[in-house]
Amino acid sequence: YNTMIDKIVEDLDLSTQINELADAMLVEDNSHTFFLQLLPALSKLTNSQLAAVYLFNKARNSFVLYESIGISNVHKNHTFSMNGFEGEFGKVLLTKQIQYIKNIPIDTIYSFQTVSGAIIPREIVSIPILAGTDVVAVISLASIRKYSDKTIRFIDISYDVLAARVDGILAYRELRKSAKLLEDQKDFLSNMNSELEMQKTELSAQSFELTQQNAELEMQKKQLDESSRL
C-alpha cells in the first residue's frame, strides 16, 4: 500500500510539473523570449543550476549557444561541430536520443559562476530537438547534485511535448526570417523600381531637351543655307 501511495503521489507531482512546463512553453512565440522563459522553468523543475540551448548554424555547420542561464562568459562562445561528435553533444548527435553524463570528474572544464566562485556540475543532461530526422537544437541541463529517478522520469515523459514545442518555435523563427528576407527583397525591388522610374523620367527629359536642340540646330542650318544662297 505504501508503495502504491508513493507511486500515486509521484504521478500527481509529475503531472503538475508537466502542466507547469506546458504553461511556460505556451506563453511566447518569439524564440529569444521563449527560451528565456523555458530555461528557468526547466532549471526549476529539474533542480538544475545550469540550463542552455544550442541551435544549429548551417553557415558554420555547428551548434552555437543561443540562450543560457548560469554559463560563465568563458564558455559563451563555445560551439559543437555537427560532424565531429565532440563533447557531451557527440553521443546525442550520433544517437539522436537524450543522454545523461554522470560522475563528472572534479578536473572537468565545465563550471558555472556563483557568488562563492566556480562550481563544477555533478551531472549533465543533453536533450536533442529533432526536425524530422535532423537535430536542429540541443538543450543542456547541469546540476551540482545527482539527478533523482523522479527527475529523469520527468524529462523522459515530457520530452515529446518539449521537443514538439521547441521544433515549432524554431520553425516559426525560420518562417519569420524568410518573411523578413522577402520583405527586404520587396523593399529593394520597390526602391529599384522607384530609381528606374526616376531614371526613366530623367531620360525622357533629356530626350525632350535633345529634340529641342535638334530643332534649333535645324533652324540654324536653314538660316545658314539661306545666308549662303543670298
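In case you missed it, the structure is sitting above this.
Since the structure is predicted, the reported quantities are computational estimates derived from the model, not experimental observations. (Residues numbered from 1 in each chain as written. Predicted model: local features only at pLDDT ≥ 70, side-chain atom pairs only at ≥ 80, totals over all residues. Heavy atoms only, no water.)

Even without a glycine there, the phi angle at asparagine 47 is positive, about 55 degrees. Tracing the sequence through the fold places asparagine 47 in the loop between helix H2 (31-46) and strand S1 (50-57). The phi angle at lysine 96 is positive, at roughly 60 degrees, despite the residue not being glycine. Locating lysine 96 in the fold gives a position in the loop between helix H3 (90-95) and strand S4 (99-101). (Helix = DSSP H or I, 4+ residues; strand = E, 2+ residues; numbered from the N terminus.)

Looking now at a nonpolar patch on the surface. A contiguous nonpolar surface patch, about 670 Å² in accessible area, is contributed by Tyr1, Met4, Ile5, Ile8, Val9 and Leu12. In this fold, leucine 12 is placed in helix H1 (residues 2-25). (Patch = residues over 30% accessible without salt bridge, like charges linked within 9 Å, V, L, I, M, F, W, Y side chains within 5 Å. Areas by Shrake-Rupley, 256 points an atom, 1.4 Å probe, with all protein chains shown as cover. Salt bridge = Lys/Arg side-chain N within 4 Å of Asp/Glu carboxyl O.)

For the rest of this paragraph, the subject is helix H4 (residues 149-229). With 81 residues, H4 should cover 120 Å at 1.5 Å per step; its first-to-last C-alpha distance of 116 Å lies within 8% of that length. Roughly 50 degrees is the biggest bend found in H4, and it falls at tyrosine 159. Taken together, the buried positions of H4 are occupied by Thr151, Ile152, Phe154, Ile155, Ser158, Tyr159, Leu162, Ala163, Arg165, Val166, Ile169 and Leu170. Next to the buried residues of H4 lie H1, H2, S1, S4, strand S7 (123-131) and strand S8 (134-143). (Expected span 1.5 Å × (residues − 1). Bend = angle between axes of the 7 residues up to and from the residue. Buried < 20%, exposed > 50% of the residue type's maximum accessible area, 1.4 Å probe, protein only. Contact = heavy atoms within 4.5 Å.)

In this structure the tally under the stated criterion is 3 aromatic pairs. Summarising the aromatic geometry, the rings of phenylalanine 35 and tyrosine 66 are spaced 5.9 Å apart at their centres and angled 80 degrees between planes, so their arrangement reads as edge-to-face. Within this pair, whereas phenylalanine 35 is found in helix H2, its partner tyrosine 66 is found in strand S2 (residues 62-69), the two being separated by 31 residues in sequence. In this pair, the class of phenylalanine 35 matches that of tyrosine 66, namely buried. (Phe/Tyr/Trp six-rings, centres within 6.5 Å; stacked < 30°, edge-to-face > 60°.)

Before going further, it helps to spend a moment on the sheet that holds S1. Here we have 6 strands laid out as an open sheet, ordered S3-S2-S1-S8-S7-S4, and antiparallel in their pairing. Only two strands of the sheet have a single neighbouring strand rather than two, namely strand S3 (79-81) and S4. Strand-to-strand, the axes of this sheet are offset by a mean angle of 25 degrees, without reference to chain direction. Taken together, the 7 bridges between S1 and S2 define a ladder with antiparallel strand orientation. Bridge pairing in S2 links alanine 52 to serine 68. Together, S1, S2 and S8 form the strand contacts of H2, whose direction differs from that of S2 by roughly 70 degrees. (Pairing = 2+ DSSP bridges. Axes fitted to C-alpha atoms, helices over the stretch in contact; angles between N-to-C directions.)

Two packed helices can be described by the angle between their axes and the distance between those axes. Packing of H1 against H2 leaves a shortest axis separation of 9 Å and a crossing angle of 165 degrees. As summarised for this structure, H1 and H2 are arranged roughly antiparallel, according to the angle between their axes. Taken as a pair, H1 and H2 cross one another with a handedness that is right-handed. Contacts from Gln17, Glu20, Leu21, Ala24 and Met25 in H1 reach Phe34, Gln37, Leu38, Ala41, Leu42, Lys44 and Leu45 in H2. Here the residues of the contact of H1 with H2 sort into 8 nonpolar, 2 polar and 2 charged. (Parallel < 35°, antiparallel > 145°, perpendicular 65-115°, else oblique. Left-handed = near helix turned anticlockwise from the far one by under 90°. Nonpolar A, V, L, I, M, F, W, Y, C, P; charged D, E, K, R; others polar.)

Residue position: serine 140 is located in strand S8. Relative accessible area serves as the criterion here: at 4%, serine 140 is assigned to the buried category. Ignoring any residue separated from it by four or fewer positions in sequence, one finds serine 140 in contact with Leu50, Ala51, Ala52, Glu88, Phe89, Ile124 and Val125.

For the rest of this paragraph, the subject is the side chain of serine 126. The topology assignment puts serine 126 in strand S7. Of the residues examined, serine 126 reaches a relative accessible area of 1% and is grouped as buried. Contacts of serine 126, omitting those with residues within four sequence positions, involve Glu88, Phe89, Val92, Gln97, Ile98, Gln99, Val138 and Ile139.

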